[in-house]
Amino acid sequence: QVQFVESGGGLVQPGGSLRLSCAASGSIFSILNMGWYRQAPGKQRELVASITSRGSGGSVDYVDSVKGRFTISRDNAKATVYLQMNSLKHEDTALYLCDTNPPMRGYWGQGTQVTVSS
C-alpha cells in the first residue's frame, strides 16, 4: 500500500518561496507518475504539476497559472517528489496534496497548507 506524506507548507508573503516535499512509502515510487494537486475552498481539486516515472524520463508539465514559477522534481533514491514554488501569489493559497497521476488510491492524504498573505 502506497502512502504519501506532504510537508513544507506554511504562511508566506506574496513574492515569497516555499519548497514542498512528498515522501512516499514502499519501493515502487520510481515507476509511478506523480503529481502535485491543490484545492482551495469552493474550488475543484486541480493538478498543478506532474512528473512522469523514472522509466518514462521524468518529464514535467504544469498548469498555465504556475508555469515559470513552480518546479516539480523527484529524487527516486529518496522516494520523494518536490514542488519548488517561487513568486507566490494570493491565488496560490490552497491545500497542496501529492498523489499519483492520475489519482489511483481512492483517497487523499492530509496535504500541506500553503497560505499566501500580506
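Whatever comes next refers back to the structure up there.
Numbers given for residues are sequential positions, taken from 1 along each chain in its written order. Side-chain atom pairs in this predicted model are given and counted only at pLDDT of 80 or more, local residue features only at pLDDT of at least 70, and totals for whole chains, interfaces and linings cover all residues. For side-chain calculations, the full set of non-hydrogen atoms in the structure is used, while hydrogens and water are omitted.

> How would you summarise unusual backbone geometry if you had to cite specific residues and measurements?
Most of the time, phi is negative for any residue but glycine, and the peptide bond is trans. Looking along the chain, the bond that leaves asparagine 101 and enters proline 102 is cis, with omega of 0°. Following the sequence through the fold, proline 102 ends up in the loop between strand E9 (94–100) and strand E10 (112–116). A positive phi is found at alanine 79, a non-glycine position, where the angle reads about 50°. Each helix corresponds to a stretch of at least 4 residues labelled H or I by DSSP, and each strand to a stretch of at least 2 residues labelled E; elements are numbered beginning at the N terminus. With respect to the secondary-structure elements, alanine 79 resides in the loop between strand E7 (70–75) and strand E8 (80–85). The residue serine 87 is not glycine, and still its phi comes out positive at about 50°. By the element assignment, serine 87 lies in the loop between E8 and E9.

> Any details on the nonpolar core? Residues and values, ideally.
Core analysis: the largest hydrophobic core is formed by 29 residues, its most contacted members being Trp36, Leu83, Met85 and Tyr96. Contributions of two or more residues to this core are made by strand E3 (18–24), strand E4 (34–39), strand E5 (46–51), E7, E8, E9 and E10. Per element, the largest residue contribution to this core is four residues, and it comes from E3. Each residue touching methionine 85, except ones within four places of it in the same chain, is listed here: Gly16, Ser17, Leu18, Leu20, Arg69, Phe70, Tyr96 and Val114. As used in this record, nonpolar core signifies buried Ala, Val, Leu, Ile, Met, Phe, Trp, Tyr and Cys residues forming a set joined through side-chain atoms within 4.5 Å. Burial here depends on accessible area, computed with a 1.4 Å probe over protein chains only, as a share of the maximum for the residue type. Under 20% is buried, over 50% is exposed, and the range in between is partly exposed. Note on definitions: a residue-residue contact is assigned when non-hydrogen atoms from the two residues lie within 4.5 Å.

> For the state of the cysteines, give the residues involved together with the corresponding values.
Note on terminology: pairs of cysteine sulfur atoms within 2.5 Å are recorded as disulfides. Tallying each qualifying case throughout the model produces one disulfide. Two residues, cysteine 22 and cysteine 98, share a disulfide whose sulfurs are 1.7 Å apart. The chirality of the disulfide connecting cysteine 22 with cysteine 98 is right-handed, given an S-S dihedral of about 60°. Here cysteine 98 lies in strand E9 and cysteine 22 lies in strand E3, a separation of 76 residues in the sequence. Since its relative accessible area comes to 0%, cysteine 22 is described here as buried. Among the residues examined, cysteine 98 registers a relative accessible area of 0% and is labelled buried.

> So, the environment of isoleucine 28: which residues are in play, and what are the values?
Its place among the elements puts isoleucine 28 in the loop between E3 and E4. On the accessibility criterion, isoleucine 28 (36% relative accessible area) is partly exposed. Put simply, isoleucine 28 and glutamine 1 are 27 residues apart on the chain and 10.0 Å apart in space, counted from C-alpha to C-alpha.

This is a description of form; function is not addressed.
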